[in-house]
Amino acid sequence: MSVTQKDFENAMNQVKLLKKDPGNEVKLKLYALYKQATEGPCNIPKPGAFDFVNKAKWDAWNGLGSLPKETARQNYVDLVSSLSGPSSESSSQVKPGADSKQEGYENLLVTSEDRITKILLNRPTKKNAITTQMYHEIMLALKAASQDDSVLTVLTGSGDYYCSGNDLTNFTDIPPGGVEEKAKNSSFLLRDFVNCFIDFPKPLVAVVNGPAVGISVTILGLFDIVYASDRATFHTPFSHLGQSPEGCSSYTFPKIMGSSKAAEMLIFGKKLTAGEACAQGLVTQVFPDSTFQKEVWTRLKAYSKLPPNAMRISKEIIRKNEKEKLHAVNAEECNVLLSRWQSDECMNAVVNFLSRKAKL
Ligand SMILES: CCCCC/C=C/C(=O)SCCNC(=O)CCNC(=O)[C@H](O)C(C)(C)COP(=O)(O)OP(=O)(O)OC[C@H]1O[C@@H](n2cnc3c(N)ncnc32)[C@H](O)[C@@H]1OP(=O)(O)O
């Protein structure tokens with residue numbers, strides 16, 4: 001049955017009452033559907049490439065092509081109802097998959113079983129790219145994991161990717177203070193995010209189920225164990241993006257693999273296979289993809305039976321002498337990125353990706 005004008009107006013009111021910010025992607029969809037439903041196909045000139053916000057809105061509206069007004073109205077109502085409808089699933093029943101949501105988290109699934117807390121990046125349709133909200137959610141999940149009953153914490157990805165790094169659309173959400181304020185906010189966010197990994201008190205394991213890009217690779221130097229599927233690759237294309245290394249990789253990578261191998265990754269963006277990453281010490285062990293989950297989880301369940309205090313204390317003594325150094329490195333990397341993010345090289349790379357001109 002088609003929706004009435006009244007249903008449409010009700011949906012518009014419901015949007016204003018949403019308790020939780022639905023995130024930029026959803027807001028863009030809502031904007032585009034609203035414009036299509038009320039004005040028909042996009043009828044305004046395309047904004048300039050550096051007018052990020054209006055360009056993103058224009059892209060979203062224009063992307064609806066000649067979708068009939070009636071269908072746009074229906075889609076708008078359906079989208080709003082999916083945002084505000086009651087969730088009957090308890091968090092433990094939520095299954096990973098098509099970007100499903102768990103209460104408290106937009107794009108993470110956090111579960112605790114067998115004394116292991118698993119933090120699953122759950123945005124498979126976007127290759128688990130990390131949005132601004134996800135940075136906050138991951139910090140929240142790590143804080144909770146550091147205080148819960150679990151003895152091990154695992155970070156992994158849903159779908160075919162482990163993680164495609166920073167969500168490049170994060171750069172389009174420009175605050176009133178402009179690009180400079182955006183860069184400052186991002187620099188603070190990055191510093192806090194990486195600090196959570198530096199300070200995490202329990203054994204931290206990365207289960208790298210597929211390709212890993214950018215920040216999801218650089219922070220691996222702060223994990224205690226990194227298990228990888230033989231499908232995984234490790235890519236830090238910072239120069240391609242006009243950016244510079246983060247996640248303490250400017251310090252941990254040369255230490256782990258030697259300075260020339262680290263330079264090939266961090267300066268020249270060489271993508272490593274799982275086997276190469278293991279040979280260079282970034283990965284602990286590689287498993288065939290067909291048995292990856294089974295072998296890794298069997299191993300982790302066995303480890304989780306070890307005495308928790310002994311594991312925590314051993315981690316502390318291994319990491320203790322490095323902590324101060326890592327915090328200093330993190331602060332410096334964030335400071336360098338503050339200016340990199342305002343550079344033409346970086347802005348051009350982001351615009352090229354968003355306008356579909358460039359992929360890695
Ligand atoms: C505040 C903290 C800042 C921290 C600094 C961090 C730096 C980094 O992490 S740098 C690395 C940034 N990542 C990238 O540059 C990756 C960009 N993505 C790609 O090049 C490709 O998407 C790919 C190689 C990762 C996968 O290619 P492919 O298999 O062809 O799949 P699609 O490109 O079709 O991807 C599906 C879907 O997902 C979107 N997407 C993927 N990665 C990102 C991303 N990093 N940011 C935003 N969106 C991403 C992609 O656009 C597709 O979306 P739709 O077209 O809407 O389906």
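Residues numbered from 1 in each chain as written. Predicted model: local features only at pLDDT ≥ 70, side-chain atom pairs only at ≥ 80, totals over all residues. Heavy atoms only, no water.

The protein chain has the name Enoyl-CoA delta isomerase 2 isoform X2 in an unreviewed UniProt entry, where Erinaceus europaeus is given as its organism. Within the UniProt record for the protein chain, the comment given under Subcellular location (unreviewed entry) is "Peroxisome". (UniProt positions renumbered as here; feature names shortened; annotations may be inferred.)

Engineer: Where do I start with the overall build of the protein chain in this structure?
Structural biologist: Helix and strand counts for the protein chain stand at 13 helices and nine strands. For the protein chain, the C-alpha radius of gyration of 22 Å lies close to 21 Å, the compact-globule estimate for 360 residues. In terms of principal-axis extent, the alpha carbons of the protein chain reach across some 65 × 45 × 35 Å. Here the protein chain, with 360 residues, has 46% of them falling under the buried criterion. Here the contacts in the protein chain between residues at least 6 apart in sequence split such that 74% fall between residues at least 24 apart. When the accessible surface of the protein chain is summed, it comes to about 17,900 Å², and 55% of that surface belongs to carbon and sulfur atoms. When the 43 positive and 39 negative side-chain charges of the protein chain are each reduced to one mean point, those points stand 1 Å apart. (Helix = DSSP H or I, 4+ residues; strand = E, 2+ residues; numbered from the N terminus. Rg over C-alpha atoms; globule rule 2.2 N^0.38 Å. Buried < 20%, exposed > 50% of the residue type's maximum accessible area, 1.4 Å probe, protein only. Contact = heavy atoms within 4.5 Å. Areas by Shrake-Rupley, 256 points an atom, 1.4 Å probe, with all protein chains shown as cover. Lys, Arg positive; Asp, Glu negative; His and termini not counted. Charge placed at Lys NZ, Arg CZ, Asp CG, Glu CD.)

Engineer: Mind showing me how you'd approach the nonpolar core here?
Structural biologist: Within soluble globular proteins, side chains that are nonpolar tend to cluster in buried spots. Formed by 59 residues in total, the largest nonpolar core has its most connected members in Tyr 162, Phe 193, Phe 197, Val 208, Leu 220, Phe 223 and Phe 234. Listed in part, the 13 residues of the second largest apolar core include Phe 287, Phe 292, Val 296 and Leu 300. (Core = buried A, V, L, I, M, F, W, Y, C linked by side-chain atoms within 4.5 Å.)

Engineer: What exactly am I supposed to notice about the sheet that holds strand β1 (residues 108-113) here?
Structural biologist: To summarise the sheet geometry, strands pair through backbone hydrogen bonds and adopt either a parallel or an antiparallel arrangement. The strand order across the open sheet built from six strands is β1-β2-β3-β4-β6-β9, with neighbouring strands paired in mixed fashion. Two strands lie at the open edges of the sheet, namely β1 and β9 (285-287), each paired on one side alone. For this sheet, the mean inter-axis angle between neighbouring strands, taken without regard to orientation, is 20°. Here strand β3 (residues 152-157) runs beside strand β4 (residues 204-208); their pairing, made up of four bridges, is parallel. Note that in β4 the partner of Leu 155 across the bridge is Ala 206. On top of the sheet, helix α5 (residues 132-147) reaches β1, β2 (116-121), β3 and β4; it is set at about 175° to β2, its chief contact. (Pairing = 2+ DSSP bridges. Axes fitted to C-alpha atoms, helices over the stretch in contact; angles between N-to-C directions.)

Engineer: Just checking my understanding: could you explain the site of the ligand for this structure?
Structural biologist: Lining the immediate environment of the ligand, one finds 24 residues, of which Lys 126, Ser 164, Asn 166, Leu 168 and Lys 359 sit closest. Side-chain polar atom of Ser 164 to a nitrogen atom of the ligand: 2.9 Å apart, as the coordinates give it. Protein chains shield 80% of the accessible area of the ligand, which is 1,100 Å² for the free molecule. The class makeup of the residues in the shell around the ligand is 11 nonpolar, seven polar and six charged. (Near = heavy atom within 4 Å. Polar contact = N/O pair within 3.5 Å; in protein donor to acceptor, adjacent residues only side chain to side chain. Nonpolar A, V, L, I, M, F, W, Y, C, P; charged D, E, K, R; others polar.)

Engineer: Could you clarify how one ought to interpret the sheet that holds strand β5 (residues 212-213) in this entry?
Structural biologist: Reading across the sheet, the three strands line up as β5-β7-β8 and stay open at both edges, with mixed pairing between neighbours. Looking at which strands have only one partner, the edges of the open sheet turn out to be β5 and β8 (272-273). Relative to strand β7 (residues 233-235), β5 runs parallel, the two being bridged by two bridges. Residue Val 213 lies in a different strand from β7, and its bridge partner there is His 235.

Engineer: Please explain the pairing of β1 as it appears in this structure.
Structural biologist: Residues in a regular strand point their side chains to alternate faces of the sheet. Direction of pairing for β1 relative to β2: antiparallel, over a ladder of six bridges. Bridging from a neighbouring strand, Leu 109 pairs with Leu 120 of β2. Linking β1 to β2, which pair antiparallel, is a turn of two residues; within it Asp 114 sits at a positive phi near 50°.

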